[in-house]
Amino acid sequence: DLLTGVVLDSGDGVSHCVPVWEGLLVPRWIKRLDVAGRNVTERLVKLLQTRGHSFHRSADLDTVRQIKEKFCYVGYDLDIQKQLAVDTTTLTKRYKLPDGRTITLGAERFQAPEVLFQPHLGDEKYAEQKGIHEMIYSMIEKSLISTCAVTSTSTSCFQAEVQCILAFRQGLRRKSKIYI
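### Considering the overall build of the protein
Stage number 1. When helices and strands are tallied, the protein shows six helices and eight strands.
Stage number 2. Start at the N end of the protein and walk to the C end: the helices and strands fall as β-β-β-β-α-α-α-β-β-α-α-β-α-β.
Stage number 3. Going through the 180 residues of the protein one by one, you find that 43% of them count as buried.
Stage number 4. Counting contacts in the protein only where the partners sit at least 6 residues apart, residues at least 24 apart contribute 61% of the total.

What follows is the structure, given as structure tokens:
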């Protein structure tokens, strides 16, 4: 029965952590994070630019969004991911751009979604905002809610939210249920 829980809704421009108690919304507990799928795309653009790739036009941004949705993921252990990126080609993926060029992606695949956990990586104006993992964790800890439901309009955000919930589930004092 999904009448009580936390819903994490992450779209293109904003993420919300919404508590539901006995089927009713609890408005005063809603948390908002001004970081979502678009910020992951923008971060990926910056990371790819540091490797010499240029994406400036609106059509280019759509291409990068597609790359994000196809290849980006949240690493459970960043240290392991960084080591894999340096020591192996396990993380390496190729993507053929609409103009025929092929680019290679490596560490960018897990570095771009980190903006959801460390909002300042996208822009310093988000320096004071907590990441989605802290938002969910604090809501669950301060309430009697122990069930999480995840919704998203973006494939990569969906993966990030699931990884976030799974990572922090281990830290909860009581058992949690996760519904996707």
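Once the structure has been displayed, the description carries forward.
### Thoughts on the nonpolar core
Stage number 1. With 30 residues, the main nonpolar core has Leu44 and Ile67 as its most contacted residues.
Stage number 2. Within the residue set of this core, elements represented by two or more residues are β1 (5-10), α1 (37-50), α2 (58-71), β6 (102-105) and α5 (132-142).
Stage number 3. Setting aside its immediate chain neighbours within four residues, Ile67 contacts Leu44, Cys72, Tyr95, Leu97, Ile103 and Leu105.

### Points about the pairing of strand β5 (residues 93-96)
Stage number 1. Judged from the four bridges that link them, β5 and β6 form a sheet pairing that is antiparallel. When the sheet's bridge partners are listed, Arg94 is paired in β6 with Thr104.
Stage number 2. Connecting β5 to the antiparallel partner β6 that follows it, the hairpin turn spans five residues, and Gly100 within it adopts a positive phi of roughly 100°.

### Here we look at the environment of Leu61
Stage number 1. Within the secondary structure layout, Leu61 lies in helix α2.
Stage number 2. Taking the C-alpha atoms as reference, Leu61 lies 9.8 Å from Leu44; in sequence the two are 17 residues apart.
Stage number 3. For Leu61, the contacting residues outside a window of four places in its chain are Thr41 and Val45.

### Some points on the pattern of salt bridges
Stage number 1. Overall, the coordinates contain seven salt bridges when judged by the stated rule.
Stage number 2. The shortest N-O distance in the salt bridge between Asp34 and Arg32 comes to 2.5 Å.
Stage number 3. Classification of Asp34 as partly exposed rests on a relative accessible area of 25%.
Stage number 4. Close ionic contact of Asp60 with Arg57 constitutes a salt bridge, the shortest N to O distance being 3.0 Å.
Stage number 5. Looking at Asp60, the relative accessible area reads 13%, which means it is buried.

### A look at the packing of aromatic side chains
Stage number 1. This model, assessed by the stated rule, comprises two aromatic pairs.
Stage number 2. Ring centres of Phe71 and Tyr95 lie 6.1 Å apart, and the angle between their planes is 90°; this geometry places the pair in the edge-to-face category. With Phe71 in helix α2 and Tyr95 in strand β5, this pair connects stretches of sequence that are 24 residues apart. Both residues of the pair, Phe71 and Tyr95, belong to the buried class.
Stage number 3. Ring centres of Tyr73 and Phe110 lie 6.3 Å apart, and the angle between their planes is 50°; this geometry places the pair in the tilted category. Pair noted here: Tyr73 is in the loop between α2 and α3 (78-87) and Phe110 is in helix α4 (residues 108-111), with a separation of 37 residues, a long-range link.
Stage number 4. Tyr73 gets classed as buried once you look at its relative accessible area, which sits at 17%.

Conventions used here
- Residues numbered from 1 in each chain as written.
- Predicted model: local features only at pLDDT ≥ 70, side-chain atom pairs only at ≥ 80, totals over all residues.
- Heavy atoms only, no water.
- Helix = DSSP H or I, 4+ residues; strand = E, 2+ residues; numbered from the N terminus.
- Buried < 20%, exposed > 50% of the residue type's maximum accessible area, 1.4 Å probe, protein only.
- Contact = heavy atoms within 4.5 Å.
- Core = buried A, V, L, I, M, F, W, Y, C linked by side-chain atoms within 4.5 Å.
- Pairing = 2+ DSSP bridges.
- Salt bridge = Lys/Arg side-chain N within 4 Å of Asp/Glu carboxyl O.
- Phe/Tyr/Trp six-rings, centres within 6.5 Å; stacked < 30°, edge-to-face > 60°.

That's the geometry; what it means functionally is another story.
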